[in-house]
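For reference, the chains in residue letters:
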Amino acid sequence: MVEAKVIVIEPSDSEANTLLALLRFLELEPLHVRDLAELRQLAQCNTPDCLGVIARRETVTLLGGELVTQLRAMRQPLPVICISADGLPKIAESSGDLAWFQLETPVKQRRLSAVLTQAQNVRSGHPTQPGTHRFRPSGASKAMRAVHRLIEQVAPFDTNVLILGESGTGKEMVARHIHELSGRAAHPFVPVNCGAIPADLLESELFGHEKGAFTGALSTRLGRFEFAEGGTLFLDEIGDMSLQMQVKLLRVLQERSFERVGSNKTIRCNVRIIAATHRDLDAAIIAGRFREDLYYRLNVFPLQMPPLRERLDDLHVLIDHLVLRQGQGAGRAIQLDQAAMACLSRNRWPGNVRELANLLERLAILFPAQTISAADLPDRYRNGAGVGWLGSEIRIDARPEPLEVPVRKAAESESESELESASGPEIERETERESDSVVYEMLDTALPRGGIDLKDHMSAIEIGLIRKALEEADGTVAGAARLLRMRRTTLVEKLRKYRLSA
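Summary of the structure given here. Since the structure is predicted, the reported quantities are computational estimates derived from the model, not experimental observations.

### A look at unusual backbone geometry
Leaving glycine out, the prevailing phi sign among residues is negative, and the prevailing peptide bond configuration is trans. That bond from Thr105 to Pro106 is cis: its omega, -5°, falls within 30 degrees of zero. Mapped onto the fold, Pro106 is located in the loop between strand E5 (100-103) and helix H4 (109-123). The phi torsion at Arg256 lies on the positive side, around 55°, for a residue other than glycine. Tracing the backbone through its elements, the reader meets Arg256 in the loop between helix H9 (243-255) and strand E11 (257-258).

### What to know about the layout of surface pockets
By volume, the second largest pocket amounts to about 1,100 Å³. For the second largest pocket, the lining is made up of 34 residues, of which Leu164, Asp280, Asp282, Gln304 and Lys497 are closest to its centre. Residues that form the lining of the second largest pocket fall into these classes: 13 nonpolar, 6 polar and 15 charged.

### Notes on the pattern of salt bridges
One pass over the structure, following the stated rule, counts 20 salt bridges. The closest approach of N and O atoms between Arg251 and Glu259, which form a salt bridge, is 3.2 Å. Judged by its relative accessible area of 33%, Arg251 is partly exposed. Of the charged contacts in the structure, one is a salt bridge between Arg291 and Asp293, with a shortest N-O distance of 2.7 Å. Given a relative accessible area of 29%, Arg291 falls into the partly exposed group. Taking relative accessible area as the criterion, Asp293 reaches 32% and is therefore assigned partly exposed. A network of salt bridges, in which partner residues are shared, links Glu10, Arg56 and Glu58.

### So, the sheet that holds strand E10 (residues 232-236)
One open sheet holds the 5 strands; their spatial order is E7-E10-E13-E6-E14, and the pairing between them is parallel. Taken across any chain shown, the strands that pair with only one partner, and hence form the sheet edges, are strand E7 (189-193) and strand E14 (301-304). On average, each strand axis in the sheet is inclined to that of its neighbour by 20°, with strand direction left out of account. In the sheet, E10 pairs with strand E13 (residues 272-277) via 4 bridges, with the strands oriented parallel.

### Re the sheet that holds E5
The strands making up a sheet associate through backbone hydrogen bonding, with each pair oriented either parallel or antiparallel. Here 5 strands make up an open sheet; going across it, the order is E2-E1-E3-E4-E5 and the pairing parallel. The sheet is open, and its two borders are formed by strand E2 (29-33) and E5, each paired with just one other strand. Taken over all neighbouring pairs, the strand axes of this sheet differ in orientation by 25° on average, direction set aside. Pairing between strand E4 (residues 80-83) and E5: 4 bridges, direction parallel. Opposite Val80, over in E5, you have Trp100 as the bridge partner. Packed onto the sheet, helix H3 (residues 57-73) meets strand E1 (5-9), strand E3 (53-56), E4 and E5 and runs at close to 145° relative to E3.

Quick notes on the rules
Residues numbered from 1 in each chain as written. Predicted model: local features only at pLDDT ≥ 70, side-chain atom pairs only at ≥ 80, totals over all residues. Heavy atoms only, no water. Helix = DSSP H or I, 4+ residues; strand = E, 2+ residues; numbered from the N terminus. 1 Å grid on protein atoms, 1.4 Å probe; cavity = no way out; pocket = protein on both sides within 12 Å on 5 of 7 lines; lining within 4 Å. Points joined across faces, edges and corners; volume = space filled by probe spheres on them. Nonpolar A, V, L, I, M, F, W, Y, C, P; charged D, E, K, R; others polar. Salt bridge = Lys/Arg side-chain N within 4 Å of Asp/Glu carboxyl O. Buried < 20%, exposed > 50% of the residue type's maximum accessible area, 1.4 Å probe, protein only. Pairing = 2+ DSSP bridges. Axes fitted to C-alpha atoms, helices over the stretch in contact; angles between N-to-C directions. Contact = heavy atoms within 4.5 Å.

What follows is the structure, given as structure tokens:
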């Protein structure tokens with residue numbers, strides 16, 4: 001909200017001074033007008049977009065319908081923040097197209113910042129009123145029905161939620177929907193991308209800082225925890241957070257309090273935490289990149305988002321929803337014919353729903369208000385059945401030529417330990433080449449009549465080989481890793497992944 005403008009309507013300069021000082025302290029730019037004439041003049045000057053309008057209940061009642069008419073006539077109807085101890089005035093009930101917020105008296109800095117955040121959400125298109133549910137994830141497939149059921153079960157509680165899933169699956173939309181269904185819906189939803197903020201700035205971003213706390217801290221700044229007071233703080237890409245910040249976040253989750261950077265004053269917070277990541281946190285814990293105690297604090301209620309390739313039944317619904325969300329009104333929306341839909345249904349969608357949204361936006365620019373055929377699709381989507389992660393064609397009908405395997409002969413005096421300490425990547429490359437010719441002999445390459453889920457099939461083969469290796473190695477992970485010609489840490493990760501024990 002830094003440098004955002006806020007209009008203060010107040011006839012009395014003395015009444016306005018305290019509020020103007022508070023707004024400046026929050027790094028906002030207040031525009032003081034005393035009556036409707038000055039407000040009209042401000043609107044005619046083509047003033048840049050404002051965050052909202054603040055006025056006392058007495059002022060709103062005095063100006064009445066004329067104020068509402070003037071606000072509707074502005075470039076975009078502005079949220080109205082009414083300073084009142086007795087609820088909103090009656091005029092608010094007859095102007096449902098305007099967003100109204102009550103700010104209790106006496107005005108407190110923390111509550112003012114929270115209400116301004118709600119107004120900002122309205123201006124950016126995010127809902128703040130309970131019952132709007134604009135962010136309900138689309139889809140009626142079996143996987144999405146399970147997701148909706150879990151959302152409805154956890155939303156009423158203040159339980160920490162950890163949303164897992166690949167990039168582009170809609171994790172933030174799920175977090176917003178949980179917030180909308182919760183008792184905190186009237187309070188702010190504040191998202192933070194932990195991976196997009198440099199590690200040395202993330203502490204200030206989350207907890208705020210005092211004036212002079214570091215070079216460049218010219219004024220006191222509130223952190224995201226304070227902006228989210230009473231509401232929900234969404235920590236996206238939590239897996240990218242540094243270990244140092246993980247320790248500080250863990251303390252906030254345990255104590256429900258924090259200090260701004262450069263201050264020793266403890267601030268209590270009432271915030272629900274929803275975190276999300278596309279990373280494998282189990283593997284990150286083994287590698288020492290993520291704290292196990294923080295993981296258990298966040299992972300109270302895990303929620304796995306399915307990738308788009310596992311819910312292609314939702315493709316029609318998602319396309320309709322995305323076309324509508326991208327603002328294509330009646331008569332301007334694109335449509336896809338049956339052949340185009342068939343092509344899209346054959347794709348693997350590595351970018352998930354985000355990739356689909358980008359494709360639809362591109363098509364809407366190229367073919368506005370037209371019906372899209374298969375020929376109109378980009379090449380990588382037209383040939384969807386043979387598209388890999390990079391869009392290159394994959395041939396599955398040809399068996400690879402056998403590889404000539406170079407044989408390394410170790411000297412008789414070379415010890416086993418010297419062999420193990422040899423170049424790892426070189427050994428692995430040779431091992432892969434040796435195993436290529438073996439795989440075709442071990443596996444039945446005949447495709448079943450009804451097709452096969454290749455991912456599940458390969459996982460079952462891998463599990464079987466790991467179990468066999470463990471049996472032959474008397475249950476020791478190191479021995480099994482040698483038989484499977486992989487590093488011990490890699491095998492440990494696979495044991496965690498498949499929930500196997502040595």
